[in-house]
Amino acid sequence: MAAAGAPDTVALERIVGALKMLLSPGGSGSSSLQITKHDVLLDTLKSNLSALDEKFEEDPEWKELKNLQDVIASGAEWLQNSVDVTWNFTSQLLVLLLCLKQSMVLLAANFHPPEPNPRTAEAAPVLSPDTLSISQQKTVQSALQFVVTLGICPFLLPGVGIPLRCRTEFGAVIQDIVSFSAAPSAVHRLYTSCIVLLDVAKHVSLGSLILSRHLGDIAAGLCQLGFCPMKRKDELAKPLEEGLKEEERTQARKALQSILDQVYQPLVVRELIILQGGPQQKCSDVKAMPSARTPAWLRRLCGQLLSERLMKPHGVQAVVRGILEGAGAGAAGGAGAEAVAADWRKCDMVAKILASCPQQSLSLEDYYQQICPQILDLLHIRDKLVARQFQRVATTTFLTITREHPQLAMKHLLQPVLEPVHRCSSTTELSTKQELLPGTIVVKEEELSCCLEDVFKVFVVGNEPGSALLESLCPVLGIIFSLYCFTRQNVSPLRSFCQEILLWMLEKLERKAALAALKGLAGLDKSMPSLHPLCEFRAASQGSTMVTIKETTSDEDEVLYQKVASEQGQVEFLVDLLSQRQECGLAGDFFVCCLEELTQVAVEKKVKIPPSPISHTSLLALEDQSFLIEEQENKLLLLQVVAVLCERMSETIFTSVTQVVEFVAATLKRACVSLTQEAESSVEAQTLSMSMGLVAAILGGAVQLKSNDFDVLKKLVPLLEEVSCTYPEPVIQELAADLRITICTHGAFSTDAVSAAAQVTMKKKEPGGDKMEGQLHSKSRRSSEADVVQTHSGQQPQCEKASHTESSSAAPSMPPEAQESRPRQQCLLAESTAANQSPRGATPEQFQEVLLSAYDPEIPTRAAALRTLSCWIEQRTPQALRTQEKLLKVFLENMEHEDTFVYLSAIQGVALLADVYPEEILPSLLAQYGNSTKKLPPETRMKVGEALMRIVRALGDMVSKHREPLIHSFLRGAKDPDGSHRASSLSNLGELCQRLHFLVGPVLHEVTSCLIAVAKTDPEAQVRRAAVHVVVLLLRGLSQKATEVLRDVLKDLYRLLKHVARSEPDEAARLHAQLALEELDDIMRRFLFPPQTLEKKIVVLP
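Everything numeric in this text was worked out from a predicted model, so none of it was measured.

### Re the overall build of the chain
- Along its length, the chain carries 49 helices and three strands.
- Scored against the burial criterion, the 1102 residues of the chain give a buried share of 48%.
- About 55700 Å² of surface is accessible on the chain, with carbon and sulfur atoms providing 54% of the total.

Here you go:
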């Protein structure tokens, strides 16, 4: 408490009571309806001032406050009494705030808290007497708001700050009651209000109340006082005619700089951005004039002040926080932070601001030298609430600088990020003796982890493969791969980072550079920098990895074993890495590249150096010998790479016809080189036969070739010609010549030798080989529709030609087998049905007969033929798989048959065919299902829909790959003119969503919008019924997962169900809605009141 004899100490309650008396609402005392808001406000201010004066004069308890007020008022330099009531009111508030500040300072100075008694129980510390209660803080905040509203905002020039008219309706009233002509002048009122508020803000508690809410208005006033030009040409500057003295303007500038340096910098940045202005602001009052544009001097000043904030220590983080927190991502994070992090436009805007050099900077390099370390610090923020948005801004800024100034980015960003990895590179010299001691830490655990995380965030997550980024990462790729191999042998959090970085790099590099990088990672290219030979990776104490100096060993056998084991492990891990990106075809290209190098290794003669004693004459020979030993090691390593590729990726290594042709070309080249050097062996002969059989299989129908595939195959023509001329075996010569002719004629001419070689090759395939065959089919199967139509029109029986309208003028003549009697067809059909017992039991003759029987007018014969074709497809018969487009056309045409047995058999055949070739069959079926321009009967389109549903059930979890086209087709079907098709589409949509579970999330809003629109607006009852049934299927299929999957739309679905249950005229639809509501009620009950289970979970850490 204050001392008893202190005359200036006044109780805070008394001063706050005076403020409350001034701020209490009042009335004019008149019941006239003609009185305006302005008059009411002026009367209230006058009456409150009079009431306070009367209180000072009459009440002796207020004498101390009156004395303190007189002392402070006598020392004030501004004119207090004025004709303008608003300024008298503002002056009184300012004096009372100064009284409050002085009293709080004196109370705090005279406060001496008692010493804590250690014998008593621990208690809360005693509050300081200058602490304001919550109600007192509210009163002070109201007084501050009146001071700012009456003493600052009305005197700001147009465009400076946010106008009062655009804030509240009360602000417009304030603007009209202020008298600008009365003394003191407007500029002196503004100066007085700002300076006195800053004086009051020197107290910590009061300063937090003032600057947290009114920093923008005070900063705007100080900017106008200190930096606004004194002479203005427009009429709006008349209040400034009685200007300030130069000392006062200087004081305003210093005050502005002081508060900008002391206040929380993100708040300063946000207020300066608002003060700098942008587009014209819209007022809430329609009749009010739109706000003026920010003056040019203020825009330049705010830009300069923002640049100063940026150039300060930790300025980058302050600017980022100021912009993003102002955009909705507050310091508490939460949903606002997630929204800002997901909005790339805000991050791009911040990145452009950070990447642009301000005018205050001496040079671009000095600017980047100062902010680049701060940008890297943004990547290391651990606060989960704001880390995501800060890292996104840092990544975008990093990429922007790298794209615009690659040299400076290399110096100030890329090199600091990659420095820990470069430190342990083989190109770095470890010179000091301390570094060479075994066990010395070269790269700490935190440094290595931070380096890889930063590379992952910038390179992989940023995903902008510029030349500067790729060039900077190439020299350390070998070290990252060595670390990946180390993490594969134990548990490490860095494994996923290394794997993603390596895969991203191999994908983004050009194919030639990627192959060179693979050779370096496999050890075939020694020029790629790798881990320093004196360094090794070692597990660290925190579970990560560090780099240390390894211990030397004198055991040569142990060193050799470690080297061989390391090389073998690196090759295996590299192949495993390639197997994760099979679709890009990099593994196949690398395999062909290794085979091309193996061509020289396989036929090279062995060179032996005779042993000789070491002398001055044999030093060159010794050097040559060591070189030959190293060359032999590279050859053995190359053989090991090829062996591991064949072992682990033999079934999936080739993904296109081009890669197969390149493989065959490498094999033929090796055979030609062997013939030239007379180094023929049985292995070479078998390899040559295998490669030529592979070409024969490709030309014989294993892959349906396109025209550009023959352009690739023409690369084999010179090699085949050389083999046909030089190879000693006549069979190989003849086959090579026939293959060359078949390639040159684009398959128009093919001999029996080629067909026989193709059949032999396909029969020798292991079951695993079917996978590669299926991949080649899925990549290159594109036969023309005209060929299929031609085949059908030429092979159908005469009785079928009358029922089908296909043109047969261009069809070839019917084969003699088709002219035979129908009993023979049925007999062969029975034989082919019996042949289904063996997986490959269909001969070409049987296949053609069954295909013709699929158009037989007899329903049992036609249905049996369709069943037989379905069985052959299910058994993966090569004859059926090679003609999948022809079989699809057969099944689709039989779907139009009216007999149930026939079209159900056709539907089953389509489903089995799509199970083998979903990539080719599904688009065709979806086109048939959704295309209403061909005027297909609704029954046929619904049969196609049934086939699609069978395919969905057969695919199981793999249906997620085809989710988008299926859902979009069914959504389009929901808008079809035919009501039956709309109902069918909705039914199919419900079953599909029921099977997708969580995968329905990305299209959840589209599905929900469609269901709500159909259930409320469709004119047909069966369609509305189907829409409600989809909701039932969704809830029933998702069960407890519905609260997670349908989280965003669950309220909309509930409202839809309640609407249908109450106002739907169709009884069946109401029943479906009631069932759905019961299902939803059960789900929510289990979610809110889960069953109590007494169990104890034991987790084994990896």
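### Thoughts on the layout of surface pockets
- What the largest pocket holds in volume is close to 1800 Å³.
- Along its surface, the largest pocket is lined by 45 residues, and Lys 550, Gln 562, Lys 563, Ser 566 and Gln 570 are the ones closest to its centre.
- At 13 residues, helix 23 (residues 556-579) tops the list of elements feeding residues into the lining of the largest pocket.
- Broken down by class, the residue content of the lining of the largest pocket amounts to 19 nonpolar, 17 polar and nine charged.

### Digging into the packing of helix 44 (residues 979-996) against helix 46 (residues 1021-1038)
- Contact geometry of helix 44 with helix 46 gives a least axis separation of 8 Å together with a crossing angle of 5°. With respect to helix 46, the axis of helix 44 lies roughly parallel. Contacts between helix 44 and helix 46 involve Gly 979, Ser 980, Arg 982, Ala 983, Leu 986, Ser 987, Gly 990, Glu 991, Cys 993 and Gln 994 on the former and, on the latter, Gln 1022, Val 1023, Ala 1026, Ala 1027, Val 1030, Leu 1033, Leu 1034 and Gly 1037.
- Of the residues in the contact of helix 44 with helix 46, the class split is nine nonpolar, seven polar and two charged.

### Digging into helix 18 (residues 445-461)
- Taking 1.5 Å of rise per residue, 17 residues should cover 24 Å, and helix 18 covers 23 Å from first to last C-alpha, within 8% of that figure.
- Across the 17 residues of helix 18, 12 count as buried, placing the element largely inside the fold.
- Taken as a whole, helix 18 has its buried residues at Glu 445, Leu 448, Ser 449, Cys 451, Leu 452, Glu 453, Asp 454, Val 455, Lys 457, Val 458, Phe 459 and Val 460.
- Looking one or two places after helix 18, you find Asn 463, whose phi comes out positive at around 55°.

### Some remarks on the pairing of strand 3 (residues 545-549)
- With five of five residues buried, strand 3 lies mostly within the body of the structure.
- Taking every second residue as pointing to the same face, both faces of strand 3 are buried, with Thr 545, Val 547 and Ile 549 on one and Met 546 and Thr 548 on the other.
- Taken together, the two bridges between strand 1 (residues 441-443) and strand 3 define a ladder with antiparallel strand orientation. Note on strand 3: the bridge partner recorded for Ile 441 is Thr 548.

### Some remarks on helix 7 (residues 186-200)
- Between its first and last C-alpha, helix 7 extends 21 Å over 15 residues, near the 21 Å set by a 1.5 Å rise per residue.
- The buried count for helix 7 comes to 13 of 15 residues, which makes it a mostly enclosed element.

### Considerations on a negative patch on the surface
- Residues Asp 53, Glu 54, Glu 57 and Glu 58 make up a contiguous surface patch of negative charge.
- Tracing the backbone through its elements, the reader meets Glu 54 in helix 2 (residues 37-58).

### Digging into the pattern of salt bridges
- This structure, assessed with the given rule, holds 29 salt bridges.
- Between Lys 101 and Asp 199 there is a salt bridge, and its shortest N-O distance comes to 3.0 Å. Separated by 98 residues along the polypeptide, Lys 101 in helix 4 (residues 85-109) and Asp 199 in helix 7 bring together distant segments of the chain.
- The class of Lys 101 is buried, set by a relative accessible area of 18%.
- Here Glu 464 and Arg 403 are joined by a salt bridge, their closest N and O atoms 2.4 Å apart. One end of the pair, Glu 464, is in the loop between helix 18 and helix 19 (467-473); the other, Arg 403, is in helix 16 (residues 384-404), and 61 residues separate them in sequence.
- Look at the salt bridges and you will find they share partners, linking Asp 261, Glu 308, Arg 309 and Lys 312 into a network.

### Quick look at the packing of aromatic side chains
- Evaluation of the coordinates by the stated rule reveals eight aromatic pairs.
- A ring pair is formed by Phe 459 and Trp 504, whose centres lie 5.9 Å apart and whose planes are at 90°; its orientation type is edge-to-face. Residue Phe 459 is located in helix 18, and its partner Trp 504 is located in helix 21 (residues 495-508); the two are separated by 45 residues in the primary sequence. One exposure class covers both Phe 459 and Trp 504, and it is buried.
- Cation over ring: Arg 253 sits above Phe 227, and NZ or CZ is 5.6 Å from the ring centre.

### Comments concerning the sheet that holds strand 3
- If you trace the three strands from one edge of the open sheet to the other, you get 1-3-2, paired in antiparallel fashion. Among the strands making up the open sheet, the edge pair consists of strand 1 and strand 2 (535-539). Neighbour-to-neighbour, the strand axes of the sheet open up by a mean angle of 45°, direction not taken into account.
- Pairing analysis gives five bridges linking strand 2 to strand 3, with the strands arranged antiparallel. Directly across from Cys 535, in strand 3, lies its bridge partner Ile 549.
- Strand contacts of helix 20 (residues 477-488): strand 2 and strand 3, with the helix running at about 40° to strand 2, the strand carrying the most contacts.

### Comments concerning unusual backbone geometry
- Even without being glycine, His 314 reaches a positive phi, approximately 60°.
- Located in the positive-phi region is Asn 463, a residue other than glycine, with phi close to 55°.
- Residue position: Asn 463 is located in the loop between helix 18 and helix 19.

### Some points on the side chain of Asp 130
- By the element assignment, Asp 130 lies in the loop between helix 4 and helix 5 (134-151).
- Buried within the structure, Asp 130 lacks any salt-bridge partner; its nearest side chain of opposite charge belongs to Lys 101, at an N-O separation of 12 Å.
- Only 2.4 Å separates the side chain of Asp 130 from the side chain of Ser 128, close enough to count as a polar contact.
- A distance of 3.4 Å separates polar atoms of two side chains, one belonging to Asp 130 and the other to His 203.
- For Asp 130, the residues in contact, after removing those within four places along its chain, are Leu 12, Met 104, Leu 107, Ala 108 and His 203.

### Here's the deal with the packing of helix 1 (residues 12-23) against helix 5
- Where helix 1 contacts helix 5, the two axes come as close as 10 Å, and the packing angle between them is 50°. By the criterion of interaxial angle, the relationship of helix 1 to helix 5 is oblique. Handedness of the crossing formed by helix 1 with helix 5: left-handed. Contacts from Glu 13, Val 16, Leu 19, Lys 20 and Leu 23 in helix 1 reach Gln 136, Thr 139, Val 140, Ser 142, Ala 143 and Phe 146 in helix 5.
- Here the residues of the contact of helix 1 with helix 5 are counted per class, giving six nonpolar, three polar and two charged.

### What about a nonpolar patch on the surface?
- A grouping of Phe 1087, Leu 1088 and Phe 1089 is seen on the molecular surface, where their side chains present a nonpolar patch of about 370 Å² in accessible area.
- Its place among the elements puts Phe 1087 in helix 49 (residues 1067-1088).

### Focus: the environment of Ser 870
- By secondary structure assignment, the location of Ser 870 is in helix 37 (residues 859-874).
- On a C-alpha basis, the gap between Ser 870 and Leu 887 in space is 9.4 Å, while along the polypeptide they are 17 residues apart.
- Non-local contacts of Ser 870, meaning those with residues more than four positions away in its chain, are made with Phe 891, Ser 905, Gln 908, Gly 909 and Leu 912.
- One polar contact links the side chain of Ser 870 to the main-chain carbonyl oxygen of Leu 866, over a distance of 2.9 Å.

### A word on the confidence of the model for the chain
- For the chain, per-residue confidence averages 77 on the pLDDT scale, and residues scoring 70 or more make up 80% of the total.
- Low confidence marks residues 1-7, where pLDDT is under 50. Its contacts with residues over four positions away, or in another chain, come to six contacts.
- Low pLDDT, under 50, characterises residues 612-617; the predicted model gives this stretch three contacts beyond four residues in sequence or across chains.

### Topic: the nonpolar core
- Grouped together as the largest cluster of nonpolar side chains are 231 residues, with contacts concentrated most on Leu 197 and Leu 716.
- Among the elements that line this core, the one with the most residues is helix 4, at 13 residues.
- Every residue in contact with Leu 716, bar those within four places of it in the chain, is listed here: Val 661, Val 664, Ala 665, Leu 668, Val 695 and Ile 743.
- Within the second largest apolar cluster, 86 residues are counted, among which are Leu 922, Cys 993, Leu 1011 and Leu 1046.

### Thoughts on the environment of Met 505
- Mapped onto the fold, Met 505 is located in helix 21.
- Sequence-wise, Met 505 and Ala 517 are 12 residues apart; in three dimensions their C-alpha atoms are separated by 9.4 Å.
- When near neighbours in sequence (up to four residues on either side) are disregarded, Met 505 contacts Leu 470, Leu 473, Cys 474 and Leu 477.

Cut-off values and rules
- Residues numbered from 1 in each chain as written.
- Predicted model: local features only at pLDDT ≥ 70, side-chain atom pairs only at ≥ 80, totals over all residues.
- Heavy atoms only, no water.
- Helix = DSSP H or I, 4+ residues; strand = E, 2+ residues; numbered from the N terminus.
- Buried < 20%, exposed > 50% of the residue type's maximum accessible area, 1.4 Å probe, protein only.
- Areas by Shrake-Rupley, 256 points an atom, 1.4 Å probe, with all protein chains shown as cover.
- 1 Å grid on protein atoms, 1.4 Å probe; cavity = no way out; pocket = protein on both sides within 12 Å on 5 of 7 lines; lining within 4 Å.
- Points joined across faces, edges and corners; volume = space filled by probe spheres on them.
- Nonpolar A, V, L, I, M, F, W, Y, C, P; charged D, E, K, R; others polar.
- Axes fitted to C-alpha atoms, helices over the stretch in contact; angles between N-to-C directions.
- Parallel < 35°, antiparallel > 145°, perpendicular 65-115°, else oblique.
- Contact = heavy atoms within 4.5 Å.
- Expected span 1.5 Å × (residues − 1).
- Pairing = 2+ DSSP bridges.
- Patch = residues over 30% accessible without salt bridge, like charges linked within 9 Å, V, L, I, M, F, W, Y side chains within 5 Å.
- Salt bridge = Lys/Arg side-chain N within 4 Å of Asp/Glu carboxyl O.
- Lys, Arg positive; Asp, Glu negative; His and termini not counted.
- Charge placed at Lys NZ, Arg CZ, Asp CG, Glu CD.
- Phe/Tyr/Trp six-rings, centres within 6.5 Å; stacked < 30°, edge-to-face > 60°.
- Lys NZ or Arg CZ within 6 Å of the ring centre and 35° of its normal.
- Polar contact = N/O pair within 3.5 Å; in protein donor to acceptor, adjacent residues only side chain to side chain.
- Left-handed = near helix turned anticlockwise from the far one by under 90°.
- pLDDT = per-residue confidence, 0-100.
- Core = buried A, V, L, I, M, F, W, Y, C linked by side-chain atoms within 4.5 Å.

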